[in-house]
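Structural overview for review
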Amino acid sequence: VTPDESVALLSSSLKVNPADPTTTIQDNTISVIDLKSSPPAVIATLDAGLFPNGIAINAAGTLALVTNRGDSTVSIYAIAGTRVAPAGRISLQDKSCGPSMPAFTPDGSTVYVTCTDTHRLAILSVTGTEVRDTGRSVVANLRPVGIEIGPTGDLAIVANIGNGPTGGVDPLTVVDIASPNPRV
C-alpha cells in the first residue's frame, strides 16, 4: 500500500493450470488496486517476473519493487498517483537466491532482499527508478523470508522459516545495517 493509501499492489504467484484445472502453475501478474474508489477496484494488471512474491513501496510512494522467486529477478514499477508503470527488471547476481521479500531503507537508497534459498540478504542500491544489485550480501540465518527495516534504518528484523513445517527452529534475526558492513 502506498503511504497515502491510494494504491495497493497485489501479486499473483500461482494460477489454475488451464491444461489441468486440478493443479496450479506459476503466474506472473501484479494487480493495481485503487483504494480511493468506492468500492476499491482493480485498475490495472501488470506483468512481473515468474512467481512474484514480496512487494515493497518506498516511503515517498514513487517506487515499488517486486521479488520474483521463479526467476530470481526483481521487477521495478514507477508510481505516480494511481498510475503504476513498469520501469524495468533486474536479475539478481545470486541466481539460486529464491528472493522472497524486499524492504527499503527509510531514505529509499538501499533495498534488502531476503534470499530464502541461500540464507542471505541481497543488497540493492536505488537511484530514482534505477535499481542495481551491488553483489554484496549478509548472512541472515536459516531460510529468511520476511523483513522489516526500523524507522531509523539502523536495524533489519528478519523472519526465518528455519527447517520449515517439520518443527524446526523459526527464529527472528536482527541485522545491524547502520554500518557499511551489515552484520547479524
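In what follows, the accompanying structure is described. In this text the structure is predicted, and so the values were computed from the model without any measurement. (Residues numbered from 1 in each chain as written. Predicted model: local features only at pLDDT ≥ 70, side-chain atom pairs only at ≥ 80, totals over all residues. Heavy atoms only, no water.)

**Section: the sheet that holds strand β1 (residues 7-17)**
Strand pairing in a sheet is mediated by backbone hydrogen bonds. Such pairs are either parallel or antiparallel. As a reminder of what qualifies: Pairing between two strands requires that DSSP report at least two bridges joining them. Here a helix means four or more residues in a row that DSSP labels H or I, a strand means two or more in a row labelled E, and each is numbered from the N terminus. Axes here mean lines fitted to C-alpha atoms, for a helix over just the part in contact, with angles spanning 0 to 180 degrees between N-to-C directions.
If you walk across this open sheet you meet the three strands as β1-β2-β3, and the pairing is antiparallel. Across the chains shown, the open sheet's two edge strands, defined by having one partner strand only, are β1 and β3 (41-47). For this sheet, the mean angle separating the axes of adjacent strands, direction not counted, is 40°. One ladder, built from ten bridges, connects β1 with strand β2 (residues 20-34); its direction is antiparallel. Paired with serine 11 across the bridge in β2 is isoleucine 30.

**What about the environment of aspartate 176?**
Going by this rule: Contacts are assigned to residue pairs with any non-hydrogen atoms lying within 4.5 Å of each other. Polar contact is the term for a pair of N or O atoms within 3.5 Å; when the atoms are in protein, one must be able to donate a hydrogen and the other to accept it, and sequence-neighboring residues count only if both atoms are side-chain atoms.
Among the secondary structure elements, aspartate 176 is positioned in strand β14 (residues 172-176). On a C-alpha basis, the gap between aspartate 176 and isoleucine 157 in space is 9.1 Å, while along the polypeptide they are 19 residues apart. Leave out the neighbours within four places in its chain, and aspartate 176 touches Asp154, Leu155, Pro182 and Arg183. Within the structure, the side chain of aspartate 176 is placed 3.0 Å from the backbone nitrogen of alanine 178, a separation counted as a polar contact.

**Digging into the pattern of salt bridges**
Rule in force here: Should a side-chain nitrogen of Lys or Arg be within 4 Å of a carboxyl oxygen of Asp or Glu, the pair is scored as a salt bridge. The cut-offs for exposure are 20% and 50% of the maximum accessible area for each residue type, with area from a 1.4 Å probe on protein chains only; residues under the lower value are buried, those over the upper are exposed, and the others partly exposed.
Scanning the model with the defined rule gives four salt bridges in all. Across the pair lysine 15 and aspartate 27 runs a salt bridge, and its minimum N-O distance is 4.0 Å. Of this pair, lysine 15 sits in strand β1 while aspartate 27 sits in strand β2, and the two are twelve residues apart along the sequence. You can call lysine 15 partly exposed: its relative accessible area is 35%. Across the salt bridge formed by aspartate 117 and arginine 69, the nearest N and O atoms sit 3.5 Å from each other. Of this pair, aspartate 117 sits in the loop between β9 (110-115) and β10 (120-127) while arginine 69 sits in the loop between β5 (63-68) and β6 (73-80), and the two are 48 residues apart along the sequence. On the basis of relative accessibility, which here comes to 37%, the residue aspartate 117 falls in the partly exposed class. When salt bridges with common partners are traced through the structure, they connect Arg69, Asp117 and Arg143 into a single cluster.

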